[in-house]
Amino acid sequence: MENGSMKVLLGVDDLPKTYYNIQPDLPVPLPPPLNPATREPIGPEALAPIFPKEIIRQEVSQNRTEPIPEELREAYLRLGRPTPLYRATRLEKLLDTPARIYYKREDLNPVGSHKPNTAIAQAFFAMREGVERLTTETGAGQWGSALAYSTNYFGLKCTVFMVRVSYDQKPYRKHLMHLFGAEVFPSPSDRTTYGRKLLKNNGHNPGSLGIAISEALEAAVTGTGTKYSLGSVLNHVLMHQTVIGQETLKQLEMIDETPDVMVGSVGGGSNFAGFTFPAIGERLKGKLDTRFVAVEPESIPSLTKGVYDYDFGDTAETTPLLKMYTLGHAFVPPSIHAGGLRYHGAAPLVSLLLHQGIIEARAFNQLSTFEAGEIFTRTEGIVPAPETCHAIKGAIELALEAKDRNEPMVIAFNFSGHGLLDLEGYAQYMAGSLGET
Ligand SMILES: *Cc1c(COP(=O)(O)O)cnc(C)c1O
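The following paragraphs examine the structure supplied in this document. (Residues numbered from 1 in each chain as written. Predicted model: local features only at pLDDT ≥ 70, side-chain atom pairs only at ≥ 80, totals over all residues. Heavy atoms only, no water.)

### Notes on the site of the ligand
Phase 1 of the analysis: Around the ligand sit 19 residues, and of these Lys115, Ser232, Gly267, Ser270 and Asn271 come closest.
Phase 2 of the analysis: For the ligand, an oxygen atom lies 3.1 Å from a polar atom in the side chain of histidine 114.
Phase 3 of the analysis: Between an oxygen atom of the ligand and a main-chain N or O atom of glycine 268, the distance comes to 3.1 Å.
Phase 4 of the analysis: Bound to the protein, the ligand loses 98% of the 390 Å² it would expose on its own.
Phase 5 of the analysis: Tallied by class, the residues present in the shell around the ligand amount to three nonpolar, 14 polar and two charged. (Near = heavy atom within 4 Å. Polar contact = N/O pair within 3.5 Å; in protein donor to acceptor, adjacent residues only side chain to side chain. Areas by Shrake-Rupley, 256 points an atom, 1.4 Å probe, with all protein chains shown as cover. Nonpolar A, V, L, I, M, F, W, Y, C, P; charged D, E, K, R; others polar.)

### So, the nonpolar core
Phase 1 of the analysis: The biggest cluster of nonpolar side chains holds 90 residues, and the ones touching the most others in it are Leu72, Tyr76, Tyr228, Phe277 and Ile359.
Phase 2 of the analysis: A per-element tally of this core places helix α4 (residues 116-128) first, with seven residues.
Phase 3 of the analysis: Excluding residues that lie within four positions of it along the chain, tyrosine 228 makes contacts with Ile50, Phe51, Pro52, Leu134, Thr135, Thr136, Glu137, Ile213, Ala216, Leu217 and Ala220. (Core = buried A, V, L, I, M, F, W, Y, C linked by side-chain atoms within 4.5 Å. Buried < 20%, exposed > 50% of the residue type's maximum accessible area, 1.4 Å probe, protein only. Helix = DSSP H or I, 4+ residues; strand = E, 2+ residues; numbered from the N terminus. Contact = heavy atoms within 4.5 Å.)

### A look at the sheet that holds strand β9 (residues 226-228)
Hydrogen bonds between backbone atoms are what pair the strands of a sheet, whose relative direction is either parallel or antiparallel.
Phase 1 of the analysis: Strand order across the open sheet formed by four strands is β8-β7-β6-β9, with parallel pairing between neighbours. Pairing within the sheet leaves two strands with one partner each, and these edge strands are β8 (183-187) and β9. Neighbouring strand axes in the sheet, compared pairwise and without regard to direction, differ in orientation by 25° on average.
Phase 2 of the analysis: Bridge analysis of strand β6 (residues 133-138) against β9 gives three bridges, and the strand direction is parallel. When the bridges of β9 are listed, leucine 134 appears paired with lysine 227.
Phase 3 of the analysis: Running at roughly 165° to β6, helix α5 (residues 142-153) makes contact with β6 and β7 (157-163) of the sheet. (Pairing = 2+ DSSP bridges. Axes fitted to C-alpha atoms, helices over the stretch in contact; angles between N-to-C directions.)

### Examining the packing of aromatic side chains
Phase 1 of the analysis: Overall, the coordinates contain 16 aromatic pairs when judged by the stated rule.
Phase 2 of the analysis: On the numbers, 5.6 Å between centres and 15° between planes, the contact of tyrosine 103 with phenylalanine 413 is stacked. Linking tyrosine 103 in strand β5 (residues 100-105) with phenylalanine 413 in strand β15 (residues 410-415), this pair joins segments that are 310 residues apart in sequence.
Phase 3 of the analysis: Among the residues examined, phenylalanine 413 registers a relative accessible area of 0% and is labelled buried.
Phase 4 of the analysis: Seen in terms of ring centroids, tyrosine 153 and phenylalanine 154 are 4.8 Å apart; in terms of plane orientation they differ by 80°. Their pairing is edge-to-face.
Phase 5 of the analysis: Across the ring face of tyrosine 86, the terminal group of arginine 105 is positioned such that the distance to the ring centre comes to 5.0 Å.
Phase 6 of the analysis: A cation over a ring is seen here: lysine 174 above tyrosine 167, with NZ or CZ 4.0 Å from the ring centre. (Phe/Tyr/Trp six-rings, centres within 6.5 Å; stacked < 30°, edge-to-face > 60°. Lys NZ or Arg CZ within 6 Å of the ring centre and 35° of its normal.)

### Some words on the side chain of histidine 418
Phase 1 of the analysis: By secondary structure assignment, the location of histidine 418 is in the loop between β15 and α17 (423-430).
Phase 2 of the analysis: On the accessibility criterion, histidine 418 (18% relative accessible area) is buried.
Phase 3 of the analysis: Here leucine 420 takes part through its backbone nitrogen, which lies 3.0 Å from a polar atom of the side chain of histidine 418.
Phase 4 of the analysis: Not counting the four nearest positions on each side in its chain, histidine 418 is found in contact with Asp107, Gly112, Val383, Pro384 and Ala385.

### Some points on α5
Phase 1 of the analysis: The terminal C-alpha atoms of α5, which comprises 12 residues, lie 17 Å apart, in line with the 16 Å expected from a rise of 1.5 Å per residue.
Phase 2 of the analysis: Most of α5 is tucked away, with 10 of its 12 residues classed as buried.
Phase 3 of the analysis: Along α5, the residues classified as buried are Gln142, Trp143, Gly144, Ser145, Ala146, Leu147, Ala148, Tyr149, Ser150 and Thr151. (Expected span 1.5 Å × (residues − 1).)

So this is what it looks like as structure tokens:
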């Protein structure tokens, strides 16, 4: 094998000039979000107090492509894009599989995950229309640190409501957000009416993502020059992430490979969508016959065991109803280490494609994903985020199936982030104290 197919690099000029919007290529139209009171479709104007105008336009856009302005492309270059594609030859050897396994490196940027791909775009479009501050929620802090990096880059202020338990137990990403100039409050906080109400009932409320979303929304609606930013689930977020998949297709083409199967982890669905949608678009046009496998935790099985129905996006019932695979918005996800996968639903676009049979879903228990992470660390030498371990576990399983059939299958997965700030989870795994959920 030539070195050129072990590590496939793109040049500065190969950075995509547009995002890919899958909406016009869908086999059926995406069911619209509904007003929970009337169950009527909500118009884009209902979102105006919350999101910047351009973000709302992108959310409902039916254009196949949306331009990435030059100033934003420069920001992507500084963020380490285009990112390399590696072939996992050392993993292939250990598995003794005829499959060829490739992975796209979304960990190689200042915060270590794919999340800046949309954070930087959202900060740019907000800055361009004069927004002064973005608010958001974060669990373990991957999304908060991506937005803190991005708001700092484009000169905006940033307020992050961080789930109380994570704020206390996982301080490193909080320090990172502070270093980028963001203000970070443990949620529930005394900064919002909702937070104060919860704290009055229970001064030691551990918080949840649902509560933090409600506080961030309240802070956006009540603050001047302030808008809200979401890190997954919505159409515009998934569209921003398609820089990943566009680059990947180009890289595979450069080495004359066609992916037989593409794999990604799913929390809200943004890295999976960003990685696969450009190829799904080709498949819908009949140009590829790739399979697409979404991997989720067995303990939060929205895609494999949820229902496809309208549900709230948050726990506090403040958002419009979204048609998606869901476990119900009252579902309390167990506190697995893959914090980024602790969501009761999944993106409406990803859900629709699953419902249409265009993608597949698989679920694995926590222990088996950490085993996969350890195998990957010892073969490829990179410590994966616990979320990313799910994609790796999926890829390993497919590679072993290929071995059973003696089939030289081409598997590509998205390496969504590194696990260097998640070593506590690995410590528990190595000490044998990690549960299956
Ligand atoms: C947040 C996160 C995920 C899950 O979020 P999606 O929106 O489903 O992509 C996966 N991997 C990493 C490293 C994350 O930080």
